[in-house]
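A look at the structure
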Amino acid sequence: MTVSRRRFLQSASATLGSLALPSVPTGAGAPAAWETICTTPAPALASTRIVASANAIPLTAGVCQRRIRDEGPETTLWAFNGTSPGPALRYRQGDTVEVLVSNRLPQPTTVHWHGLRLPNAMDGVPNVTQPPILPGSSFAVRYAAIDAGTYWYHPHQSSFEQVPRGLYGMLVVEEAKPPRVDRELEWVLADFKLDKANRQVEDFGRVRDFGSEGRLGNVVTLNGTAAGANRAIDVRPGERVRVRLLNAASARAFVLEFGGLAPWIVTYDGQAVQPHPVPDGRLHLGAGQRTDLVIDVPDAAGRRVVTDRRGGGEALVALACVGRPVRAKPPGRPAAIAPNRLAEPDVAKATDHYLVFEGGIGGEPAIGRVDGKALRVEDIMKKHGLAWTMNYTTQQEHAMMHEPLFRFRRGEHVTLKLMNNTDYEHPIPLHGHFFRVLALNDVKTRLREWRDTVMIDARGSADIAFVAENVGEWMFHCHILDHAAGGMMGTVVVEG
Ligand code: C2O
């Protein structure tokens with residue numbers, strides 16, 4: 001089927017102005033624009049045997065120069081197809097995702113498809129689901145997009161370095177019947193840590209970041225360029241806008257305020273939720289999480305500024321209301337999006353499990369096991385460069401010598417209590433599954449929302465439930481990628 005490719009091109013032509021995400025290269029055989037952007041001599045692509053059909057979208061990780069800040073020189077980035085964010089891949093529910101991932105980076109990589117329920121072999125986790133893609137080689141990806149929603153892709157190899165260097169992109173699976181809106185926007189939030197000459201600060205992999213809040217950038221970006229009050233999107237009075245929000249930052253969480261707008265939340269992590277206003281007017285978006293909003297632009301002209309309260313009230317972008325009204329009166333609460341078909345966990349028959357997070361710089365004394373040996377967490381930091389434990393063990397990224405945290409039978413109903421005994425918050429994704437969030441900090445959630453990534457407050461907890469239905473070994477880790485590299489990374493096995 002060529003539908004997915006066609007959808008791509010449509011999305012390309014629908015892009016708007018400088019705030020739009022880049023589109024994919026068009027037309028087989030035509031020189032792709034990004035090839036001329038990649039500046040670093042790329043290793044020749046080895047002639048590995050690749051089984052990729054003619055419909056496969058090429059997705060090449062390489063080194064390139066892009067403008068992030070208005071002032072000063074361009075920045076050397078790692079990016080997919082020469083742009084950061086990489087191309088927004090757009091499909092319809094049920095389409096086949098076919099991508100040929102090629103590596104022109106100076107180190108091995110893999111691409112993980114965050115949130116998508118796909119076969120384990122397509123999950124893109126080095127040494128767990130596939131060998132790393134070496135510089136100069138490729139990997140063919142093919143799976144069905146069974147669930148509608150807002151997703152994303154990023155490397156799972158050395159992600160604490162590869163993601164903040166610029167490797168990430170959005171993947172959208174459109175509903176069969178999308179809610180009616182006048183305009184759709186895709187907003188990828190991230191950050192870069194730049195010096196005065198706009199160079200990326202080369203301080204990846206410090207234990208001090210692993211063990212604290214992570215390596216934060218100093219330039220927050222929206223769709224790849226510096227966010228700020230000077231960024232504006234023109235909208236019309238009365239317009240109904242759907243915004244797909246992704247936090248692709250490697251460590252930063254956002255707390256967004258919408259400056260006089262009253263958005264409806266319609267999905268969390270791509271999964272439909274009963275449309276509801278942003279609780280307390282502040283949207284918390286942890287690293288890796290997504291939220292879809294429906295915003296009805298008010299009648300009165302003017303600029304509504306979206307700000308990040310977490311970053312001290314920094315303005316990110318404005319919606320500038322201009323022109324003639326689109327409709328006479330606001331359309332009211334949007335209809336709920338049809339939910340994906342997810343297996344409903346039955347808490348009454350579920351097996352109960354627990355996961356305790358400990359460690360971090362300045363935290364309570366903790367003991368953890370490294371390679372079977374119990375150590376104080378200070379020694380774990382000094383000797384092993386790791387900072388955290390999950391159920392009293394810690395491990396290097398994707399290390400193979402460790403037992404999975406849990407083993408479930410296929411079809412097993414599971415409740416899992418995540419207990420954060422650390423002074424830092426942790427956004428925790430489970431690969432290959434969605435789970436219901438039953439409670440946060442022991443308070444029942446009102447909507448029992450589905451998610452693939454749950455934010456656990458410092459010293460807080462989350463109760464989640466799901467049916468272990470996807471066979472394989474799945475990552476379960478912190479999406480503050482420095483924390484993952486610092487030991488907050490394990491796996492869950494579903495035996496089939
Ligand atoms: Cu987006 Cu394992 O993560």
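Residues numbered from 1 in each chain as written. Predicted model: local features only at pLDDT ≥ 70, side-chain atom pairs only at ≥ 80, totals over all residues.

Considering the overall build of the chain
Definition in use: Segments assigned H or I by DSSP are reported as helices when at least four residues long, segments assigned E as strands when at least two residues long, and all are numbered from the N terminus. In this scheme the burial state of a residue depends on its C-beta neighbours within 10 Å: 20 or more other such atoms mean buried, 12 or fewer mean exposed, and anything in between means partly exposed; the C-beta positions come from the backbone. By definition, residues are in contact whenever their C-beta atoms, placed on the basis of the backbone, come within 7 Å of each other.
Check the secondary structure of the chain and you find 6 helices and 34 strands. Per-residue burial over the chain gives 50% buried out of 496 residues. For the chain, restricting intrachain contacts to residue pairs at least 6 apart in sequence, the fraction spanning at least 24 positions comes to 77%.

Let's talk about the sheet that holds strand S14 (residues 254-257)
Quick note on the threshold: Two strands pair under a simple rule: DSSP has to find at least two bridges between them. Helix axes are fitted only over the stretch in contact, all axes being lines through C-alpha atoms; the angle between N-to-C directions runs from 0 to 180 degrees.
Here 5 strands make up an open sheet; going across it, the order is S12-S20-S19-S14-S17 and the pairing mixed. A strand with exactly one partner marks an edge of an open sheet, and here the two such strands are strand S12 (232-235) and strand S17 (283-285). Strand after strand, the sheet turns through a mean of 25° between neighbouring axes, direction not considered. Pairing geometry for strand S19 (residues 302-308) and strand S20 (residues 314-321), over 7 bridges, is antiparallel. Counted as the bridge partner of Asp 308 is Glu 314 from S20.

Re the sheet that holds strand S2 (residues 75-80)
Read from one edge to the other, the open sheet built from 4 strands follows the order S2-S1-S4-S6, with strand pairing classed as mixed. For this open sheet the edge positions go to S2 and strand S6 (138-144), each flanked by a neighbour on one side alone. The mean inter-strand angle of the sheet, taken between neighbouring strand axes irrespective of direction, is 20°.

Some words on unusual backbone geometry
The omega torsion across Ser 84 and Pro 85 is -5°, close enough to zero to call that bond cis. Here Pro 85 shows up in the loop between S2 and strand S3 (89-92). Its identity as a non-glycine residue notwithstanding, Asn 198 has a phi of 65°, on the positive side. Tracing the backbone shows Asn 198 in the loop between strand S9 (183-192) and helix H4 (207-210). Despite not being glycine, Asp 371 has its phi angle at roughly 50°, a positive value. For Asp 371, the position within the fold is in the loop between strand S22 (367-370) and strand S23 (373-376). You can call Asp 371 partly exposed: it has 13 C-beta atoms within 10 Å.

Topic: the nonpolar core
Selection criterion: Buried Ala, Val, Leu, Ile, Met, Phe, Trp, Tyr and Cys residues form a nonpolar core when they are connected through C-beta atoms within 7 Å.
In this structure, Leu 189 and Ile 464 are the most contacted members of the largest nonpolar core, which totals 123 residues. Ignoring sequence-local partners within four residues, the contact set of Ile 464 consists of Leu 416, Leu 418, Phe 435, Arg 436, Val 437, Leu 438 and Val 454.

Overview of the pairing of strand S31 (residues 453-456)
Burial along S31 is two-sided: Thr 453 and Met 455 facing one way and Val 454 and Ile 456 facing the other are all buried. As paired strands, strand S27 (residues 426-429) and S31 are joined by 4 bridges and run antiparallel to one another. Bridge pairing links Pro 427 to Met 455 in S31.

Focus on helix H5 (residues 377-384)
Three- or four-residue spacings in an α-helix give side chains the same orientation, since the helix completes a turn every 3.6 residues. What counts, and what does not: To obtain the arc, one takes the directions from the helix axis to the C-beta atoms.
For H5, the set of buried residues is Val 377, Ile 380 and Met 381. Viewed along the axis of H5, the buried residues span an arc of 100°, placing them on a single side of the element. Projecting away from the buried face of H5 at angles above 90 degrees are the exposed residues Lys 382 and Lys 383. Its buried side turned inward, H5 meets H4, strand S21 (351-359), S22 and S23. Positive phi shows up at Gly 385, right after H5, with a value of about 65°.

Brief notes about the pairing of strand S13 (residues 240-247)
Among the 8 residues in S13, 8 count as buried, and that is most of the element. The alternating pattern of S13 places Arg 240, Arg 242, Arg 244 and Leu 246 and Val 241, Val 243, Leu 245 and Asn 247 on opposite faces, both of which are buried. One ladder, built from 7 bridges, connects S9 with S13; its direction is parallel. Paired with Glu 186 across the strands is Arg 244, a residue of S13. Pairing of S13 with strand S18 (residues 290-296), which is carried by 7 bridges, proceeds in the antiparallel orientation. Note that in S18 the partner of Val 241 across the bridge is Ile 295.

With respect to the environment of Asn 230
Position of Asn 230 relative to the elements: it lies in the loop between strand S11 (225-226) and S12. For Asn 230, a count of 10 C-beta atoms within 10 Å corresponds to the exposed category.

Regarding the environment of Arg 104
Residue placement: Arg 104 occurs in the loop between strand S4 (96-103) and strand S5 (111-114). Residue classification places Arg 104 among the buried residues on the basis of 22 C-beta atoms within 10 Å. Along the primary structure Arg 104 and Thr 60 are separated by 44 residues, whereas in three dimensions their C-alpha atoms are 6.8 Å apart.

Digging into the environment of Gln 274
One can find Gln 274 in strand S16 (residues 271-277). Put simply, Gln 274 and Glu 449 are 175 residues apart on the chain and 8.8 Å apart in space, counted from C-alpha to C-alpha.

Notes on the confidence of the model for the chain
Any segment with low pLDDT has predicted coordinates that should not be analysed in fine detail. Our working rule: Values of pLDDT, which run from 0 to 100, indicate the predictor's confidence residue by residue.
Here the chain shows a mean pLDDT of 89. Residues at 70 or above account for 88%. For the stretch residues 1-18, pLDDT sits under 50, and the model shows 27 contacts to residues farther than four places along the chain or on other chains. Here residues 23-50 is modelled with pLDDT under 50, and outside its nearest four sequence neighbours on either side it reaches 47 contacts, counting other chains as well.

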